[in-house]
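Here is what each chain is made of, one letter per residue.
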Amino acid sequence: MNAAAQTYIDDMATKRGYVLDYHKVMAAADFPVLQAANHVVSAAYLDQRRLDRTTKELLFILSLTVMRAPKPQLKSHIQVALDLGLSAEEILEAIEIALPEAGIVAFQWGVEAWQEVIGIDVLEPTVAVHSGKNG
């Protein structure tokens, strides 16, 4: 085990509030590339410059929604946004920007991840309908 890589992953988790699967893989497989990628992410997203952290988090959630990023990654950023003090409604408003810009499929992806994190009760039809779900 590479002690420096383990410390780096632990520090990343503490500072960001999340660690993605690719972070863990790269820490073990090619630690210098993980460090290089993390420097880019820090400069663009984590380091305080002109935009505050909550604004950057909302932009990140929007971009992950539009790209249809893996749902665990999107959900982790929704959770970070909540930890930063953003409301569920503010996060949803950022996701809603995807609707006119990236279309309904990307928008639905973001809303689904948001609902899974927030846990709101949904309204189900009281009439027969095809849902596209199994069972």
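Above this text is the structure in question.
Residues numbered from 1 in each chain as written. Predicted model: local features only at pLDDT ≥ 70, side-chain atom pairs only at ≥ 80, totals over all residues. Heavy atoms only, no water.

K.L.:
A description of the overall build of the protein should follow, citing residues and the corresponding values.
P.N.:
Across its full length, the protein carries eight helices and zero strands. Start at the N end of the protein and walk to the C end: the helices and strands fall as α-α-α-α-α-α-α-α. Structurally, the protein occupies a C-alpha span of about 60 × 40 × 25 Å along its principal axes. Within the span of the protein, comprising 135 residues, buried residues form 32% of the whole. When contacts within the protein are restricted to residue pairs at least 6 apart in sequence, those whose partners lie at least 24 apart make up 56%. Surface accessibility of the protein: about 8700 Å² in total, with carbon and sulfur atoms responsible for 58%. (Helix = DSSP H or I, 4+ residues; strand = E, 2+ residues; numbered from the N terminus. Buried < 20%, exposed > 50% of the residue type's maximum accessible area, 1.4 Å probe, protein only. Contact = heavy atoms within 4.5 Å. Areas by Shrake-Rupley, 256 points an atom, 1.4 Å probe, with all protein chains shown as cover.)

K.L.:
Describe unusual backbone geometry, naming the residues involved and giving the relevant values.
P.N.:
The backbone phi angle of Arg68 is positive, close to 55 degrees, even though this residue is not glycine. Position of Arg68 among the secondary structure elements: in the loop between helix H4 (53-67) and helix H5 (71-83).

K.L.:
Give a description of the packing of aromatic side chains that names residues and reports values.
P.N.:
Counting across every chain of the model gives one aromatic pair. Centroid distance Tyr8 to Phe31: 5.2 Å. Interplanar angle 85 degrees. Geometry classified as edge-to-face. In this pair, Tyr8 sits in helix H1 (residues 3-16) while Phe31 sits in helix H3 (residues 31-46), placing the two residues 23 residues apart along the sequence. Neither Tyr8 nor Phe31 differs from the other in exposure class; each is buried. Note that Arg68 overlies the ring of Trp109, its terminal NZ or CZ placed 4.8 Å from the centroid. The aromatic ring of Trp109 is capped on one face by Lys71, whose charged end is 5.1 Å from the ring centroid. (Phe/Tyr/Trp six-rings, centres within 6.5 Å; stacked < 30°, edge-to-face > 60°. Lys NZ or Arg CZ within 6 Å of the ring centre and 35° of its normal.)

K.L.:
Account for H1, naming residues and giving values.
P.N.:
Its 14 residues give H1 an end-to-end C-alpha distance of 20 Å, which sits within 8% of 20 Å, the value for a rise of 1.5 Å per residue. Within H1 the residues assigned to the buried category are Ala5, Tyr8, Ile9, Met12 and Arg16. One side of H1 carries all its buried residues, which in axial view fall inside an arc of 100 degrees. In this fold, the buried residues of H1 make contact with helix H2 (21-29), H3, H4 and H5. Where H1 begins, the side chain of Asn2 points an oxygen toward the backbone nitrogen of Ala4, at a separation of 2.9 Å. (Expected span 1.5 Å × (residues − 1). Arc of directions from axis to C-beta. Polar contact = N/O pair within 3.5 Å; in protein donor to acceptor, adjacent residues only side chain to side chain.)

K.L.:
Please set out the packing of helix H6 (residues 88-96) against helix H8 (residues 104-118) residue by residue, giving values where relevant.
P.N.:
Two numbers describe a pair of packed helices, the interaxial angle and the distance between the axes. At a minimum axis distance of 9 Å, the contact between H6 and H8 shows a crossing angle of 165 degrees. The orientation of H6 relative to H8 falls into the category roughly antiparallel. By crossing handedness, the relation of H6 to H8 is classed as right-handed. Where H6 abuts H8, its residues Ala88, Ile91, Leu92, Ile95 and Glu96 lie against Phe107, Gly110, Val111, Trp114 and Ile118. Residue classes in the contact of H6 with H8 are distributed as eight nonpolar, one polar and one charged. (Axes fitted to C-alpha atoms, helices over the stretch in contact; angles between N-to-C directions. Parallel < 35°, antiparallel > 145°, perpendicular 65-115°, else oblique. Left-handed = near helix turned anticlockwise from the far one by under 90°. Nonpolar A, V, L, I, M, F, W, Y, C, P; charged D, E, K, R; others polar.)

K.L.:
Which residues make up a negative patch on the surface, and what values do they have?
P.N.:
On the surface, Glu89, Glu90, Glu93 and Glu96 cluster together into a negatively charged patch. One can find Glu89 in helix H6. Glu89 gets classed as exposed once you look at its relative accessible area, which sits at 58%. (Patch = residues over 30% accessible without salt bridge, like charges linked within 9 Å, V, L, I, M, F, W, Y side chains within 5 Å. Salt bridge = Lys/Arg side-chain N within 4 Å of Asp/Glu carboxyl O. Lys, Arg positive; Asp, Glu negative; His and termini not counted. Charge placed at Lys NZ, Arg CZ, Asp CG, Glu CD.)

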